Structures are given as C-alpha cells and as structure tokens.
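Here is what each chain is made of, one letter per residue.
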Amino acid sequence: MTFAQLSLSLIFVAIPLGLTLWLKLGLEKDIIIATVRSIVQLLIIGYILTFVFEADHPVYIVLMIMLMIGAATQNVIKKGSGIPGITWMVFFTLIAVESLSMLILLGFGIIPDEPEQIIPISGMIIGNCMVLSLLFLNKFKDEVERSDETIELILSMGGKPEIAIRKSLRSAIQTSMIPTIEGQKTMGLVQLPGMMSGLIIGGADPIEAVMYQLLILFLILNNAAMASVMVGYMAYPKLFNKKLQFVGLKYD
Amino acid sequence: MNIIEFNNVSHGGILHNITGHFRESRITTFVGPSGAGKTTCLKHINGLLSPDAGEIYYRGENLENIDIIELRKEIGMAFQSSPMIAGTVFDNLSLPREIFGDTLSKERAKRLLEMVDLDAIPLNQNIKSLSGGERSRISIARTFVNRPKVLLLDEITSSLDYTLVKEIERLIVRLQREEKVTVIWITHDLDQARRVSDDMWFLRSGELIEFGDASFIDETENNEIRQFTRGEAL
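About the cut-offs
Residues numbered from 1 in each chain as written. Chains lettered and ligands numbered in written order. Predicted model: local features only at pLDDT ≥ 70, side-chain atom pairs only at ≥ 80, totals over all residues. Helix = DSSP H or I, 4+ residues; strand = E, 2+ residues; numbered from the N terminus. Contact = placed C-beta atoms within 7 Å. Pairing = 2+ DSSP bridges. Axes fitted to C-alpha atoms, helices over the stretch in contact; angles between N-to-C directions. Nonpolar A, V, L, I, M, F, W, Y, C, P; charged D, E, K, R; others polar. UniProt positions renumbered as here; feature names shortened; annotations may be inferred. Expected span 1.5 Å × (residues − 1). Buried ≥ 20, exposed ≤ 12 C-beta atoms within 10 Å, placed from the backbone. pLDDT = per-residue confidence, 0-100. Domains from an automatic or database assignment. Core = buried A, V, L, I, M, F, W, Y, C linked by C-beta atoms within 7 Å. Left-handed = near helix turned anticlockwise from the far one by under 90°. Parallel < 35°, antiparallel > 145°, perpendicular 65-115°, else oblique.

J.: I keep staring at the overall build of chain A and nothing clicks. Help me out?
T.: A tally of helices and strands in chain A yields 10 helices and 0 strands. Tracing chain A from N to C terminus, the helices and strands come up as α-α-α-α-α-α-α-α-α-α. For chain A, the C-alpha atoms occupy an extent of roughly 70 × 55 × 40 Å along the three principal directions. When contacts within chain A are restricted to residue pairs at least 6 apart in sequence, those whose partners lie at least 24 apart make up 72%.

J.: Whenever I open this one, the sheet that holds strand E1 (residues 2-11) of chain B confuses me. Can you help?
T.: All names here are of chain B. The 4 strands lie next to each other as E2-E1-E4-E5, forming an open sheet whose pairing is antiparallel. If you trace the sheet from one side to the other, it starts and ends with strand E2 (15-23) and strand E5 (61-62), each paired once. Relative to E5, strand E4 (residues 53-58) is paired through 2 bridges, and the arrangement is antiparallel. Looking at the pairing, Tyr58 lines up with Glu61 of E5. Contacting E1, E2 and E4, helix H1 (residues 38-45) runs over the sheet at an angle of about 125 degrees to E1.

J.: Teacher, can you tell me more about the sheet that holds strand E3 (residues 27-31) of chain B here?
T.: Strands in a sheet are paired, the pairing made by backbone hydrogen bonds, and the direction either parallel or antiparallel. Residues and elements named next belong to chain B. Read from one edge of the open sheet, 6 strands run E6-E7-E8-E3-E9-E10, paired in mixed fashion. Looking at the sheet topology across the chains shown, the edges are occupied by strand E6 (75-78) and strand E10 (207-213). Recorded for the sheet is a direction-independent mean angle of 15 degrees between the axes of neighbouring strands. Lying over the sheet, H1 contacts E3, E6, strand E7 (150-154), strand E8 (182-186) and strand E9 (199-204), oriented at roughly 155 degrees with respect to E8.

J.: Where do I start with the interface of chain A and chain B in this structure?
T.: Accessible area lost when the parts come together is the quantity often used to give the size of an interface. Contacts between the two partners involve 14 residues from chain A and, on the opposite side, 17 residues from chain B. By residue class, the composition of the side of chain A that touches chain B is 6 nonpolar, 5 polar and 3 charged.

J.: How should I be thinking about the UniProt feature "transmembrane region" (unreviewed entry) in chain A in this particular structure?
T.: Residues and elements named next belong to chain A. Sites flagged by UniProt as "transmembrane region" (unreviewed entry) map to residues 6-25, 32-53, 59-77, 89-111, 117-137 and 210-236. For the annotated span residues 6-25, helix accounts for 75% and strand for 0% of the residues, and the straight-line distance between the end C-alpha atoms is 27 Å. Helix makes up 96% of residues 210-236 and strand 0%, with an end-to-end C-alpha separation of 39 Å.

J.: Where do I start with helix H4 (residues 58-77) of chain A in this structure?
T.: Its 20 residues give H4(A) an end-to-end C-alpha distance of 28 Å, which sits within 8% of 28 Å, the value for a rise of 1.5 Å per residue. Where H4(A) is buried, its residues meet helix H3 (28-55), helix H5 (86-107) and helix H6 (115-146) of chain A.

J.: In this structure, what is going on with unusual backbone geometry? I would like to understand it.
T.: The general pattern is negative phi for most residues beyond glycine and trans for most peptide bonds. All names here are of chain B. The phi dihedral of Asn8 falls on the positive side, at around 55 degrees, and the residue is not glycine. You can see Asn8 is positioned in strand E1. Residues other than glycine seldom take positive phi values, yet Asn17 does so here, at roughly 45 degrees. Checked against the element boundaries, Asn17 lands in strand E2. You can call Asn17 partly exposed: it has 14 C-beta atoms within 10 Å.

J.: Help me understand helix H7 (residues 148-156) of chain A, please; the structure alone is not making it clear to me.
T.: In an α-helix, one turn spans 3.6 residues; hence positions three or four apart end up facing the same way. Three or more residues of H7(A) are buried, namely Thr150(A), Ile151(A), Leu153(A), Ile154(A), Leu155(A) and Ser156(A). Following H7(A) by one or two positions, Gly158(A) adopts a phi angle in the positive range, close to 105 degrees.

J.: What should I look at first to understand the confidence of the model for chain B in this one?
T.: For residues with low pLDDT, the predicted coordinates do not support detailed interpretation. Residues and elements named next belong to chain B. With 100% of its residues at a pLDDT of at least 70, chain B reaches an overall mean of 92. Helix H10 (residues 223-229) is the least confidently modelled element of chain B, averaging 85 in pLDDT, while helix H3 (residues 89-93) averages 97, the highest of any element. Across the interface, the model reports ipTM at 0.91; the global pTM reads 0.84.

J.: How do you make sense of the domain arrangement of chain A when you look at a structure like this?
T.: Residues and elements named next belong to chain A. By the assigned domains, chain A splits into domain 1 (1-55) and domain 2 (57-239). Between domain 1 and domain 2, the C-alpha centre-to-centre distance is 27 Å. Between domain 1 and domain 2, the residue contacts involve 4 residues of the former and 7 residues of the latter.

J.: What am I meant to see in the pairing of E9(B) here?
T.: Looking down a regular strand, the side chains alternate between one sheet face and the other. Residues and elements named next belong to chain B. Sheet topology note: the E3/E9 ladder contains 4 bridges and is parallel. For Thr28, the partnering residue across the bridge sits in E9 and is Asp199. Pairing of E9 with E10, which is carried by 6 bridges, proceeds in the antiparallel orientation. Bridged to Trp201 within E10 is Phe211. Remark: 2 residues form the turn of the hairpin made by E9 and E10, two consecutive strands paired antiparallel; Ser205 in that turn has positive phi of roughly 50 degrees.

J.: Is there a simple way to explain the nonpolar core in this structure?
T.: Buried together is how nonpolar side chains tend to be arranged in soluble globular proteins. Grouped together as the largest cluster of nonpolar side chains are 110 residues, with contacts concentrated most on Cys129(A), Phe136(A) and Leu152(B). In this view, Cys129(A) contacts Ala72(A), Thr93(A), Leu94(A), Val97(A), Asn223(A) and Ala227(A); residues no more than four positions away in its chain are not counted.

J.: Please explain the UniProt feature "domain: ABC transporter" (unreviewed entry) in chain B as it appears in this structure.
T.: The sites that UniProt annotates as "domain: ABC transporter" (unreviewed entry) are residues 4-230 of chain B. Along residues 4-230 of chain B, the helical share is 36% and the strand share 25%, with 30 Å between the first and last C-alpha atoms.

J.: Where do I start with the packing of H6(A) against helix H8 (residues 161-185) of chain A in this structure?
T.: Each packed pair of helices is defined by two parameters, the angle between the axes and the distance between the axes. Residue and element names in this part refer to chain A. Where H6 contacts H8, the two axes come as close as 8 Å, and the packing angle between them is 145 degrees. When you trace H6 past H8, the crossing you get is right-handed. Taking contact as the criterion, the partners of Leu132, Leu135, Phe136, Lys139, Phe140, Glu143 and Val144 in H6 are, on H8, Ser168, Ser171, Ala172, Ile173, Thr175 and Ser176. Residue composition of the contact of H6 with H8, by class: 7 nonpolar, 4 polar and 2 charged.

J.: Any chance you could explain the packing of H8(A) against helix H10 (residues 206-235) of chain A here in plain terms?
T.: Residues and elements named next belong to chain A. Direction vectors running N to C along H8 and H10 enclose 170 degrees, while the axes themselves pass 9 Å from each other. The orientation of H8 relative to H10 falls into the category roughly antiparallel. Here H8 contributes Leu169, Ala172, Ile173, Ser176, Met177, Thr180 and Gln184 to the contact with H10, which in turn contributes Leu217, Ile220, Leu221, Ala224, Ala225, Ser228, Val229 and Gly232. Class assignment of the residues belonging to the contact of H8 with H10 gives a composition of 10 nonpolar, 5 polar and no charged.

Below, the structure is given as structure tokens:
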C-alpha cells in the first residue's frame, strides 16, 4: 500500500465525521483526535519496529516489550483505583504472563527467536492481558461493593478473608474469562480473526495463517486465566487488614 | 458479672471515649438517634472493627490478646439486612460450619429451624423464595450454629411488620432464657427496647450518654434522653 492509497482511505473517516456533524452528535473533535493519534502512534511504532528488526539485538527487543508493558500498566491503573498497590500487581502480572509465554514459545521452538515474531506476539499477549485485567478489576470492584455485607457476615462467623472473598473473586474471574472462551467458540464462523486476516492479506498461505491464529487463541486463553487469577489473588488481601477486618476499597 | 467492658474506646471520629460494660446472660439494647455510632460500637465487640484508642475486654481479657477467630465463633452476629448466600436454606444454616470445612447435620439444621418456628420450611428450599421475616429468622438461627455465648443483633426487625416484630422479640427473649446467651441488640424502636431490655446503652453522636438498668430510660434526669423519649429531634 502506498501513502497515496492510505490517504484515500481517510474517506472512511470523512463519512462518520459528516454523520456526526449532520446529526450534531458532538463527536467530531474525538474522531479527529482519534484519527490523528492513531496515524502518529502507528507511524512512530512502524519506524521503531523497522529499527528494532534491523538492529536484531535482544536489548532492543526487551526495551520494546518493557515499553508495551509500561503503557499497558498505565492504562489499567485507573480501573484499579481503590486497591492499594494495584500498579505493581498489574505490572508484575504482565511481566509474569509475558515471560512464561515466551519461555514456552521460544523454549519449545514453537516460534523462532526473531524480533519479527517476538514483538508482535508479545504485543498481543500484553494487550490481551491489559484488557483482561481491566475487565477483571471492573467486575471485582463491583462484586466487592455489592457483597460487602456477606463478606463481613463470613468474617463475623470467624471465616478467614480468603473464604469471605471467595465468591466475589470466583465470580469476577469467571466473568472476565467468559468473553474469551465464548469468543473462541464462534471463531471463524462469525468473523475471521484479525491476525489471520492480516496474514492472508499479506499473502500468507491460509493454513499457515490459521495455525498462527490458533497459537494466538491458545495464548489469549492462557492470558485470560493467568491475568485475572494473578491480579485477583494479589489484590484481595489488600481489602483486609491483619486483624482479619474488612477495610474495603480505599478511595482518596 | 460483666462479660464485656469498654474502656475509653474511640474510633475514627465516630466513637468518643466510650466506657461501659455488659452483664452476662442479659439483654442489653443500644438506643439513640441515627448516626449515634451504635453499629460501629457493635462491630467492635466481635472484632470487625478495632478501637483507635482505649481497650475492650471480653471476660477480663483484652480483645487484642484473644484469637480473633475463636472470639468470633463465641460472639455471633445477625445483620440488619439478614445477608444470605445464594443457595438453599440448608446452605445458609451450614455456612458457619462450611467456612471451617466442617458439615452441619440435617438433624441439627432441622432443630435450628424448629427453634425459630420455621419447621414447616424444607431444608432444600431456595433462600430467594423466603419472605423478609423468614430470612430474619434464618439469620438468627444461623448465629446459633456455633452455640455463641454472645449474640449481637443489628436492627434485625427494622424491615418487618408489627406481628413479625413481636414474634422475633418473643423468640430472642425465649432463646436468651433457654441458652443463657448475652444479647446486645441495636434497635431504633424505643418501645421494643423497653419490652426486651434488662439493660440499656443510650448513645448520641458517638458518646455513651447513660447506661445501666433499662429503667433509666424513663426515670433519667438527662435532658437529651428525655427529649429522645418524647420523640423530639436531638
């Protein structure tokens, strides 16, 4: 694709812009900001990736991954407000999931250790973990606020915090994992997944594209489980103190 | 004999220098206007909250030195909204055992239902199908699973109609006589407090204004309490 062809694709931005002006939806500013930001961010990333791929040095790969983890953590922090130390919990979770995934992928030779493979797959792992952590924290905080009386009831009977929080924690983990599992059930039937479509457009053999997509699906499933379980089990003790009392979410 | 004693207890700007005691095997009610700190005070008794200053003694021992789990097994609490877990009547009755990986026998569960006059309700009935009054009684029965020495009741009749209120009152008084438990009961209903109390605590704005034999509520010279008993705003 040339830059001229890409410029023509801005017609797809002009249509919603026209609609929002016509219907006075008040979204024109957001559409313009979103378009400009996506162009600038993706072009910058494109040039950075070109540099990293050409340099082909582990330090740049690690730096790139850390940058992605930092940005993803930053995104999740806001949703975790009320839980002290959530930044480090999310940061640690992302590092753990990424490290384990890469250990398996590279250790068993499932993917070659080339930046062209490692960085895009890491991006998908980290991105999915970020979304899953957001989903989990949203649901978990909601559950904790709704079940505070049941939590105190169990504590009042002599139950330990892990017992008192068990139902809320399980429910939040289930809720955050279900969309991933359900999405995988209809994969390929309703829509062709993004990565597979991208590979096919790029000229790859459809079967090879399917195999890569399956790999990503399995990784996403693992991300969903690990991210919600890790964030959940690190976060819940912060809702209690040493005297086995429920202190709840703490907003400034 | 005093079973629980508060010594200069303060908590988070809600309770201020509370000093008072509860007699064993008596019913003590907490009365006072909204925002007096009654629930906060009650939660201190089984360690759901701790004082910022002062001490609480249970059978002469500072609560800080008592194993909190053992204390909570001895001091049962029924909450205002009668919170229930999803499941059956039996699931809810066996909760105090289940949290310790233990089981409650069906026979004991049936006896507990009989105790609160709910023997007509099957153990496998879904808790959601019960009325507010039935849930209140299940909540009370549940506090007896661990055979508590002290029973804390937080406005357990506030959402019930008059007939049920009287039933629950009779039930608590009967259980207190039979099981010899110490009952500490928050109520916003002064007539209820008069009917059931041996002793009374009158709290206002986090301060214990007066406590002792319940007769003080009608005999006191304290203007605040007299205003309250006349139904005037404090």
